[in-house]
Every structure is written in C-alpha cells, then in structure tokens.
Amino acid sequence: MAKLLPCIAVLLAATFAGPSRAQEFNRANSLINDAAFELDHGHFREGVKLAEEALRSGAVSADNYAGLYNNLCIGITGLQRFDEALDYCNRALELSPRSWVFYNNRANIYFHQGQYDRALAEYYKAMTFSEGTSILMKNINLTLR
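Described below are features of the structure shown in this document.

Definitions and limits used
- Residues numbered from 1 in each chain as written.
- Predicted model: local features only at pLDDT ≥ 70, side-chain atom pairs only at ≥ 80, totals over all residues.
- Heavy atoms only, no water.
- Helix = DSSP H or I, 4+ residues; strand = E, 2+ residues; numbered from the N terminus.
- Contact = heavy atoms within 4.5 Å.
- Areas by Shrake-Rupley, 256 points an atom, 1.4 Å probe, with all protein chains shown as cover.
- Salt bridge = Lys/Arg side-chain N within 4 Å of Asp/Glu carboxyl O.
- Buried < 20%, exposed > 50% of the residue type's maximum accessible area, 1.4 Å probe, protein only.
- Core = buried A, V, L, I, M, F, W, Y, C linked by side-chain atoms within 4.5 Å.
- Axes fitted to C-alpha atoms, helices over the stretch in contact; angles between N-to-C directions.
- Parallel < 35°, antiparallel > 145°, perpendicular 65-115°, else oblique.
- Phe/Tyr/Trp six-rings, centres within 6.5 Å; stacked < 30°, edge-to-face > 60°.
- Lys NZ or Arg CZ within 6 Å of the ring centre and 35° of its normal.

Focus on the overall build of the protein
Item 1. Check the secondary structure of the protein and you find eight helices and zero strands.
Item 2. Reading the secondary structure of the protein in the N-to-C direction produces α-α-α-α-α-α-α-α.
Item 3. A separation of at least 24 residues holds for 47% of the contacts in the protein among residues at least 6 apart in sequence.
Item 4. Summing over all exposed atoms, the protein offers an accessible surface of approximately 9,300 Å²; the carbon and sulfur share of this is 55%.

Some words on the pattern of salt bridges
Item 1. In this structure the tally under the stated criterion is three salt bridges.
Item 2. In this structure, the salt-bridge partner of E84 is R81, at a minimum N-O distance of 2.9 Å.
Item 3. For E84, a relative accessible area of 32% translates into the label partly exposed.
Item 4. Among the salt bridges present, the one from R91 reaches D87, with a minimum N-O distance of 3.2 Å. Within this pair, R91 and its partner D87 are both found in helix α5 (residues 82-95), separated by four residues, close to a single helical turn.

Observations concerning the nonpolar core
Item 1. In terms of nonpolar packing, the biggest core is built from 33 residues, with A54, L68, L72 and I109 touching the most fellow members.
Item 2. Of all the elements in the fold, those that place two or more residues in this core are α2 (27-40), α3 (44-57), α4 (65-78), α5, α6 (100-112), α7 (116-129) and α8 (134-144).
Item 3. With seven residues, the single largest contributor to this core is α5.
Item 4. In this structure, L72 is in contact with V48, A51, E52, L55, T77 and Y88, ignoring residues within four places of it in sequence.

Looking at unusual backbone geometry
Item 1. For Q80, which is not a glycine, the phi torsion comes out positive at approximately 60°.
Item 2. Structurally, the position occupied by Q80 is in the loop between α4 and α5.
Item 3. Given the relative accessible area of 59%, Q80 is considered exposed.

What about the packing of α6 against α7?
Item 1. Contact geometry of α6 with α7 gives a least axis separation of 8 Å together with a crossing angle of 170°. The orientation of α6 with respect to α7, classified from their angle, is roughly antiparallel. On the side of α6, the interface is formed by W100, Y103, N104, R106, A107, N108, Y110 and F111, while α7 contributes Y116, R118, A119, E122, Y123, K125, A126 and F129.

Considerations on the packing of aromatic side chains
Item 1. Inspection of every chain in the model, using the stated rule, returns four aromatic pairs.
Item 2. Between the aromatic rings of Y65 and Y69, the centroid separation amounts to 5.7 Å while the plane-to-plane angle is 40°, which identifies the pairing as tilted. Remark: Y69 and Y65 occur in helix α4; sequence separation between them is four residues, near one turn of the helix.
Item 3. Over the ring of Y69 we find R91; its NZ or CZ atom is 5.5 Å from the centre of that ring.

Regarding the environment of L136
Item 1. For L136, the location among the structural elements is in helix α8.
Item 2. For L136, a relative accessible area of 0% translates into the label buried.
Item 3. Through-space distance from the C-alpha of L136 to that of A107 is 10.0 Å; in sequence the pair is 29 residues apart.
Item 4. Each residue touching L136, except ones within four places of it in the same chain, is listed here: W100, N104, Y123, A126, M127 and S130.

Dropping the structure here:
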C-alpha cells in the first residue's frame, strides 16, 4: 500500500495545480481577422474600417502587421483609392518580401490603373514565390488580353 501513495499524491497535485494560462485575447488581431472576412465577401468599406481600427489600436502583434497592411491594400484597392492602396501593398511586401499574394495584390492595382506591363511584371514575380497557383495564371491571361 505504501508504494501506491506517491502515485496518488502526484495525481492529486496535477489535478489541483489549475489550468495553464489561457491565450491572451488581443482585440486588434481579432479586428484583422474580421476585416479579412469582410474583404473576402466584397465588403470593402467595412473591411477597411475594421483594419484601420486595428491599426489605430496600437495593439497589433508584430507578426500580424504584414497581414493587416495586405488587408488595407485589398480593401482600399476595392474602394479605387489606388495610390493609398499601393502604399499599403508596399508596406506588406517590406515585411514579407516572399509572399506571392502580396505581389498579386500590388499587380492588381497596376492592372486597374491600366499599367499592364507593370502588372505583368508583378504577376511574374509572384509566380517565383508561388507553386503555380491558378489565380496568377488567370490574372496573367487577363492582363495579356
């Protein structure tokens, strides 16, 4: 019986030690996710509003800035404020220079501005960082037409 007591004590200690600390909630990062959801559904004003709120909060974690800037790039492009959108695309690319998605989004701005050569250059650059995604192929074909 004496041999069982240490095992029971260990089990009881583990049971009463309490839970691990929960992940800390960050409203800014939640806003980034909410903005992405709105943008994916074509709600550019709402997506930009949420992304700008996250940016103003000052509580965005360092590893989420590229995504936040990309959200702003997409949303502001949708609002046809191309110069401002380009600035956010460039910021996203400074933080994540190998993201094919960010190059694609910057190319989309050039496409909308009628700068097809620049758009193609960006789409081709995006291809160097992607695994041959059909999105890029469609965008290249559309631009070539």
